[in-house]
Amino acid sequence: MLQKSYSEGVGAGFPLTQNIRYQLAKTRVDDLFIKWLTLPQTQKLVHQLIKDVREGKQNNLITQPNAFFTNKMTMSGMSQSALLSSPNKKSQGPSTPPRADSFHEIKQRIPEDLSQSLTQSQIIQKKLRVEEVQNYDLVPQFYFPTQEINLQLQQEQNKIINEIFGKAEHIDANHFEQITTNLCGLCKYLTRILMTAVEGTSNKISKTAFMKYWNQQLAQKEPKQRCFHILKKAKNEFIQFDDFKPFMKILLEQHPGLEFLQATPEFQERYADTVIHRIFFHLCRKDNNKITWRDFKSSNLFDILDILGKEDDINKIRQYFSYEHFYVIYCKFWELDGDHDFHISKEDFSRYSSHGLSRKVVDRIFDQVPRRFRSQIDQKMSYEDFIYFILCEEDKTTIQSIEYWFKIIDLDDNGIITGFEMDYFYEELKQRMDYLNHEPILFHDFVCQMVDLLHPDNDILFKLSHFKQNLTVCGVFFNFLTNLNKLIAYENRDPFQVRNDIVDHPDFTDWDRFAFQEYVRLAMEEENQEQGEVFEGDNIWDNEDSKQ
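Worth saying up front: this structure is predicted, and the values here are computed from it rather than measured.

Visitor: What is the right way to look at the overall build of the protein chain in this model?
Guide: Summing up its helical and strand segments, the protein chain has 27 helices and six strands in all. Here the protein chain holds 548 residues, and the buried ones make up 36% of them. With the model as given, the accessible surface of the protein chain reaches about 33900 Å², and the carbon-plus-sulfur share is 53%.

Here it is as structure tokens:
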């Protein structure tokens, strides 16, 4: 019976080994035992036993537990045999399974006796419910289906709470920060958010309110689960864009590396939006403004937040929070936004990377093939859309970037990039190279190289899975078809310089290298511009002196 029932649930037709059969049976017995413990009559029995032990009374169940269960089993066997045997025969224990020719006969004898036993059972249950009102101490919950309690850890947690609160019933945010970091294991910048979740205010918090929230919401969670629980709204099972804004506001107010932004509230808002968009770019795989627990758990955001609470130099935290990275993204957008209405037209966008992108690629992007624009203005790219694009364009080793560019090249949207589609995009770049008198790269040579690197199953039919299995060559493939400047740069690259860049910054991603180089370039341009203004001012004063 056991083998049949479980084989039907797991997959009919697959035999179970002896070990698996034993494990399934053990799991079933454990489940039945737990269900038996949660029955009202069982809890009543436990209450009575505890009372007898406290009063020093003798109880057969305590002194002779085996006899209790033996009697129960004997009674159970007698009741079964009474139901399944004839009235004239004596009971001799449980009967064997009935034969097919006697099943109908047995079925007719069961209902009357069974109905009587059910009626008696219902009467007993009603009596037990009434007697539960008596003033017995409630037995605390001792079984947790999701996670077992570590009693030693629980004692340590209670010790931390008592040490921080002391004899005071209320503490302020400065003292509560120790609760956030030492007890909850969270970033210190989540302190006020946690206080608001507990008490509805971030000024002071009571020990009673926190203990209630802790025991109900956080005690049985790991630190990463606590972080997710605090960031999201209580009614949701996911994190949305606006859920990060309170955290970013606190970060801008308290982080030492962002103090200089307090004089420019506009840039504070832009920095916060950029950070949140970068987080959603990497975590929100479905691009639906919802970061689920699965997304959050598989990401490194919790570890980055932990580093954020300990590192004062914001630019050392390259993932998500670097101000230099924000500066590069914002300046790149500002250079393209000619009228500074914070929206980019197709003509503005075509100037990106010194007109490096082909016209066909620009058309596909503004047709919203790889991703629908979040802009409210038709045929305009918003700042959010630009952030998504530049992260995909400058680092083609991420899954998001691969999917983005694969959709652009896949003209018929059938999940396969063919030689015809590759030639369609390469044709424009070849014409531009001829116009610049640059020696063209043979398309056949490139295709052969990509076949050797990606190993397609059939001829030159490239699937998305081929790129996801070879992330390092994706940039070469897509740059060859979409960006003239990067194509020429790759052909003229210095292998020694590439190796030195990797040796100097082995932990840098393609995006980190791009942002670093662009930030240096932008900083030098700004410095030269400032020096030019100074020199111009000096010349003005010199001219005035000469006139005198």
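The discussion continues.
Visitor: Is there a simple way to think about the side chain of D273 in this case?
Guide: Tracing the chain through its elements places D273 in helix α13 (residues 265–283). There is no salt bridge for the buried D273, and the closest opposite charge comes from R270, which lies 4.5 Å off by N-O distance. Beyond its immediate sequence surroundings of up to four residues, D273 is in contact with F241 and K245.

Visitor: Would you explain unusual backbone geometry in this entry?
Guide: Residues other than glycine seldom take positive phi values, yet S354 does so here, at roughly 55°. Looking at S354, the relative accessible area reads 61%, which means it is exposed.

Visitor: How should the confidence of the model for the protein chain be read in this particular structure?
Guide: Caution applies to low-pLDDT parts of the model: their predicted coordinates are not meant to be read in detail. The pLDDT averaged across the protein chain works out to 81; a share of 76% of its residues lies at or above 70. Considering only residues more than four positions removed or in separate chains, one finds that residues 1–16, a stretch of pLDDT under 50, has 13 contacts. A low-confidence stretch, residues 133–137 stays under pLDDT 50, and its non-local contacts, those more than four residues away or across chains, total seven contacts.

Visitor: For this particular structure, what's the right way to read the UniProt feature "domain: EF-hand" (unreviewed entry) in the protein chain?
Guide: Those places that UniProt annotates as "domain: EF-hand" (unreviewed entry) correspond, in this numbering, to residues 397–432. Helix makes up 69% of residues 397–432 and strand 6%, whereas the separation of the span's terminal C-alpha atoms amounts to 27 Å.

Visitor: Just to check I follow, could you spell out helix α19 (residues 383–394) for this structure?
Guide: Two residues of an α-helix separated by three or four positions point the same way, owing to the 3.6 residues in each turn. For α19, spanning 12 residues, the distance from its first C-alpha to its last is 16 Å, which sits close to the expected 16 Å at 1.5 Å a residue. Of all 12 residues in α19, 11 are buried, a share of seventy percent or more. For α19, the set of buried residues is Y383, D385, F386, I387, Y388, F389, I390, L391, C392, E393 and E394.

Visitor: How should the pattern of salt bridges be read in this particular structure?
Guide: It is possible for side chains of opposite charge to pair when their charged atoms get near one another. Applying the stated criterion across every chain, the model contains 22 salt bridges. Salt-bridge contacts for R318 lead to D507; the nearest nitrogen and oxygen are separated by 3.1 Å. Linking R318 in the loop between α15 (301–308) and α16 (323–336) with D507 in the loop between α26 (495–504) and α27 (510–547), this pair joins segments that are 189 residues apart in sequence. Owing to a relative accessible area of 22%, R318 belongs among the partly exposed residues under this scheme. Here K486 makes a salt bridge to E394, at a shortest N to O gap of 2.9 Å. Of this pair, K486 sits in helix α25 (residues 484–491) while E394 sits in helix α19, placing them 92 residues apart in sequence. What emerges from the salt-bridge pattern is a single network uniting D287, R371, R374, E384 and D385.

About the criteria used
- Residues numbered from 1 in each chain as written.
- Predicted model: local features only at pLDDT ≥ 70, side-chain atom pairs only at ≥ 80, totals over all residues.
- Heavy atoms only, no water.
- Helix = DSSP H or I, 4+ residues; strand = E, 2+ residues; numbered from the N terminus.
- Buried < 20%, exposed > 50% of the residue type's maximum accessible area, 1.4 Å probe, protein only.
- Areas by Shrake-Rupley, 256 points an atom, 1.4 Å probe, with all protein chains shown as cover.
- Lys, Arg positive; Asp, Glu negative; His and termini not counted.
- Salt bridge = Lys/Arg side-chain N within 4 Å of Asp/Glu carboxyl O.
- Contact = heavy atoms within 4.5 Å.
- pLDDT = per-residue confidence, 0-100.
- UniProt positions renumbered as here; feature names shortened; annotations may be inferred.
- Expected span 1.5 Å × (residues − 1).

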